[in-house]
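Below, each chain spelled out in residue letters.
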Amino acid sequence: MNEYLLILLAVLATTGRVLGLTLFSVVTGWLLAYIAIRGRIFETVYISVIEVFESVPVISFFPIVLVIFVERIGGVIGVELAADFLVFTAVVWNIWMAEYQAFKTVPKEMLEVSENYRLSFFSKMKNVYIPFSLPRIAANLFPSISDGFFYITLSEVFAVGAKTYATFGIGTLLSSYVSSGNYFAVYISMLILGAVIFVIIILLRMYSRYVVSKYTLDTDAPIMRRGRLNFRQTSRVLYVLARNPLGRLAGYYRRAPRRGVYEKEEESRVGRYMAVSIGLLILSFIVYGAYSVVSAVSYRTWALLLSQTPFILYSMVVDYARIAVVLAIVFIFSTLLGYYFALHARSEMIGVPFLQVFSAYPAPIYFPFIYIAIEPALYRLIGGYTSDLFVILLGFISTFYYLFYSFWMGIKALPAEYFDVMRNMNMGFFRRMRSVIIPGTFPYLISGISSTVNSIWGGFIIAEYWPGIYGNRTLQVQTGLMKFIDVNTQNGNIPLAAWASVLFGVVIVVYSLLFTKKMMDLAKKRYVAEEGIFAA
């Protein structure tokens, strides 16, 4: 077969894999988000599970892939399902978090209308929750699809132990081309991949503009003076109200059949019971799994694990310090550039596709070239901190788009009235950011920050210990949790690597409860921008 045609088919296969699993993530996330907001127990477990698994690097799922898909199913189907599972774990978590965040922050006025008309579950989903979540989903489709392509070299071809498994896709071809030194084919593959990603970006931008224009609250209702009724002005108001979400919602409500109070209370009670039951079921599986693991570990092994615990915690603190640096850089980059792009259409037309193409390229393919190009100069300049700087750089490259796209889409989803107020009051940049933009996009920011913090670990697991990054050179830091897990895994010290992962998971659960969930509750209570329009 012609090599160019083979590369094109591989790119299309990978694209279909990423887009199909992204769509599956969206559909399943709607159901899980609704269950989460209906039951406190399931909500707590759900948020903690998302935080933990979003923080777990893709390569950590290799043992699950080996046992469930490769060994038990086997064959071509088993390897394909394994690759699909790995891609799914790369794209799903921030979409699920965004849908939960959207369902959590639906304006209370819209919920009151839906409750007053006693809509059924499917009617609420169709006319309230799903439409309100679409701008958030659009904002997270960009980073999810980028992540899907970013990790294709780890998802489509993976090694567990001494054996390598691969399925057809551009990730497999790129890995084979790099290992054989066929860099011309690598360049051609990256060029074709970039062209396909560019087309996807154009379609995503068209979709994002559509959902922002249709499913965000944006009224242009004139202020009516008290006194004599102005029929001309009243007709304008009615036209505007008929086009905003509540107007469209009310149009359905007038046609909706009314149900009794008992039926409404019964539905609410069933929803709560279902949420509690699912939450308790997940919690019981977690407890049982933890008990099985603990009871199977010998006393000598426990002594070794506990003796290494202080160093593991210290390594985790060092990595969180790196995360703080990366997050600060990402926040400054995202807020400044996201604000600029949102208000300058021409720059947005060029800048957003460029960032999308760049973020979707697999870093393990091109990052070694960056390393070999600038490492000697950096080492002469900062010495032993060179490795830490490369870790921070890869952490930025692998996560900046989460916060950028969330903030950018949050600004575009703000009702136009806020921009009118800022212009009329002659607000400067910093006052706009402090008084309107940051509070108005707060739910988007929390979703983006949460996904950024959790996903940085994926970049760290690659960069903190990278043997053979270029020739016989090795990129490694002196101390880091991801390096600790990676080194012990490669050396066959699985209990120690697993213990570090358990401690890591506990910290992530605490983080999800103390930060993400509380910030989501705060966003619902104080920072739903759409409620400002209702209040006015």
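Residue indices begin from 1 for each chain and proceed along its sequence in written order. Per-residue local features of the predicted model are confined to residues with pLDDT of at least 70, and side-chain atom pairs are confined, for both listing and counting, to 80 or more; whole-chain, interface and lining totals are unaffected and use all residues. Side-chain descriptors were evaluated using all non-hydrogen atoms of the structure, hydrogens and water having been removed beforehand.

Trainee: How would you summarise the overall build of the protein chain if you had to cite specific residues and measurements?
Mentor: Looking only at helices and strands, one finds 23 helices and four strands in the protein chain. Only protein chains enter the calculation, and the probe is 1.4 Å; a residue is then buried if its accessible area is under 20% of its type maximum, exposed if over 50%, and partly exposed in between. A burial count over the protein chain gives 51% of its 536 residues as buried. Carbon together with sulfur atoms contributes 67% to the accessible area of the protein chain, which is approximately 25400 Å² in total. Think of it this way: any DSSP run of H or I at least four residues long counts as a helix, any run of E at least two long counts as a strand, and we number them from the N terminus. The protein chains shown are the only cover counted for residues, whose accessible areas, like all others here, come from Shrake-Rupley with a 1.4 Å probe.

Trainee: Can you tell me about the environment of Ala36, naming the residues and giving the values?
Mentor: Turning to its location among the elements, Ala36 is positioned in helix α1 (residues 3–38). Each C-alpha atom, one on Ala36 and one on Ile47, is 8.5 Å from the other, the two residues being 11 residues apart in sequence. Residues count as neighbours in contact if any of their non-hydrogen atoms are within 4.5 Å of one another. Discounting chain neighbours no more than four positions away, the residues touching Ala36 are Phe42, Glu43, Tyr46 and Tyr100.

Trainee: Hey, could you go over the confidence of the model for the protein chain for me, with residue numbers and the actual values?
Mentor: Each residue carries a pLDDT score, the predictor's own confidence in it, on a scale running from 0 to 100. When the pLDDT values of the protein chain are averaged, the result is 77; 77% of them are 70 or greater. At the level of individual helices and strands, the protein chain shows its lowest average pLDDT in helix α10 (residues 231–243), which scores 37, and its highest in helix α16 (residues 386–397), which scores 92.

Trainee: Give a detailed account of the packing of helix α13 (residues 299–343) against helix α17 (residues 400–413), specifying residues and quantitative values.
Mentor: For helices, the fitted axis covers only the stretch in contact; all axes are lines through C-alpha atoms, and the angles between them, taken along N-to-C directions, range from 0 to 180 degrees. For the pair α13 and α17, the least separation of the axes is 8 Å and the interaxial angle reads 35°. When you trace α13 past α17, the crossing you get is right-handed. For the pair formed by α13 and α17, the contact residues are Val330, Phe331, Phe333, Ser334, Thr335, Leu337, Gly338, Tyr339, Phe341 and Ala342 on the first element and Phe400, Leu403, Phe404, Phe407, Trp408, Ile411 and Lys412 on the second. Class assignment for the residues of the contact of α13 with α17 results in 13 nonpolar, three polar and one charged. Two helices cross in a left-handed way if the nearer one is turned anticlockwise from the farther one by less than a right angle. They cross in a right-handed way if the turn is clockwise. Amino acids are sorted into nonpolar (Ala, Val, Leu, Ile, Met, Phe, Trp, Tyr, Cys and Pro), charged (Asp, Glu, Lys and Arg) and polar (every other residue, Gly among them).

Trainee: Can you break down the pattern of salt bridges residue by residue, with the values?
Mentor: Salt bridge, as applied in this entry: a Lys or Arg side-chain nitrogen positioned within 4 Å of an Asp or Glu carboxyl oxygen. Going through the model one piece at a time under the given rule, you end up with 11 salt bridges. In this structure, Asp319 and Arg322 form a salt bridge, with 2.6 Å as the shortest nitrogen-oxygen distance. Taken together, the positions of Asp319 and Arg322, both in helix α13 and three residues apart, correspond to about one turn of that helix. Neither Asp319 nor Arg322 differs from the other in exposure class; each is buried. With a shortest N-O distance of 3.3 Å, Glu464 and Arg322 are connected by a salt bridge. Linking Glu464 in the loop between α20 (442–463) and β3 (465–470) with Arg322 in helix α13, this pair joins segments that are 142 residues apart in sequence. Of the two residues, Glu464 and Arg322, neither departs from the other in class, the shared state being buried. Because the salt bridges share partners, they merge into one network encompassing Asp319, Arg322, Asp388 and Glu464.

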